[in-house]
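One-letter residues, chain by chain:
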Amino acid sequence: MDDYLATGVIRTSHGIRGYVKVSLFSDDTEAFFRLDSAELRKGSSRVLTAIEDAKQQASDLLVKFAVIDSPETGKQYSGWEIWIPREKAAELGDQEFYAAEIVGCELFADGCRVGSVASIIEGAQAPLLEVIMDDGKRLIPFMKEYIGDIDIAQRRIVLLDERLLT
C-alpha cells in the first residue's frame, strides 16, 4: 500500500501570487496547516513540492505551493490531488477511514461479490466509486442511500441499491 494518502484536491487559482483554492477530503483543516510539503498527483504525473503558506479565507482553504507561482500555473494544477505521508495525516475517529483505503475493496450486493473499487472520483453531489465489474465499469455514488457497511479490515463494502449495477 502507498505510504501516502490523498488529502484534498486543487480546485482553481486564487489571486495573483500563486495561491490555489483547495478542497480537503477531511474536516481537519488544522492538520493541513502543520504540513510543510506534499505530493501533487494527476494520473501518472507526480510533483513533490513545499507548502509555503496555507490559510482559511471564509469557506475556502487557500494554499501556496512552491511549484505554483502565478494564476496561470495554478489553473494548470486544477484537479490535481494533494497527497501527504500517512504518518502526517489527520488522526481518525471511530468508524472513520481514509478515502484511499477504499480503493481495492470488494463491493458486495446481496452477499455476492459484484466488483472492486478502482478509484474515487469527485462528483457534483458526492464522491463516486469507480467499480470494476466483469461486464465493465460502474460509477456508484458514495452516499448512505447506496452504500452500507464498510469494513476496511476485511476490504468489503456493501452496496444497498442493486439497481445501480444495471
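Up top you'll find the structure we're talking about.
Predicted, not measured: the structure shown is a model, and the values here were computed from it. (Residues numbered from 1 in each chain as written. Predicted model: local features only at pLDDT ≥ 70, side-chain atom pairs only at ≥ 80, totals over all residues. Heavy atoms only, no water.)

Caption draft 1: Focus on the sheet that holds strand 6 (residues 81-85). Taken in spatial order, the six strands line up as 1-2-5-4-3-6 and close into a barrel, and their pairing is antiparallel. Sheet twist, expressed as the mean angle between neighbouring strand axes with direction ignored, is 50 degrees. Note that strand 1 (residues 4-14) and strand 6 share five bridges and pair antiparallel. Residue pairing in the sheet places Val9 in a bridge with Glu81 of strand 6. (Pairing = 2+ DSSP bridges. Helix = DSSP H or I, 4+ residues; strand = E, 2+ residues; numbered from the N terminus. Axes fitted to C-alpha atoms, helices over the stretch in contact; angles between N-to-C directions.)

Caption draft 2: Summary view of the side chain of Arg138. Within the secondary structure, Arg138 is located in strand 10 (residues 136-141). In this structure the side chain of Arg138 is engaged in a polar contact, spanning 2.9 Å, whose partner is the backbone oxygen of Leu165. Apart from the residues within four sequence positions on either side, Arg138 is in contact with Leu129, Glu130, Val131, Met133, Leu164, Leu165 and Thr166. (Polar contact = N/O pair within 3.5 Å; in protein donor to acceptor, adjacent residues only side chain to side chain. Contact = heavy atoms within 4.5 Å.)

Caption draft 3: Highlighting the state of the cysteines. Enumeration according to the criterion identifies zero disulfides in this entry. Free of any disulfide, Cys105 has its nearest cysteine sulfur in Cys112, 18 Å distant. For Cys112, a relative accessible area of 48% puts it in the partly exposed group. (Disulfide = S-S within 2.5 Å. Buried < 20%, exposed > 50% of the residue type's maximum accessible area, 1.4 Å probe, protein only.)

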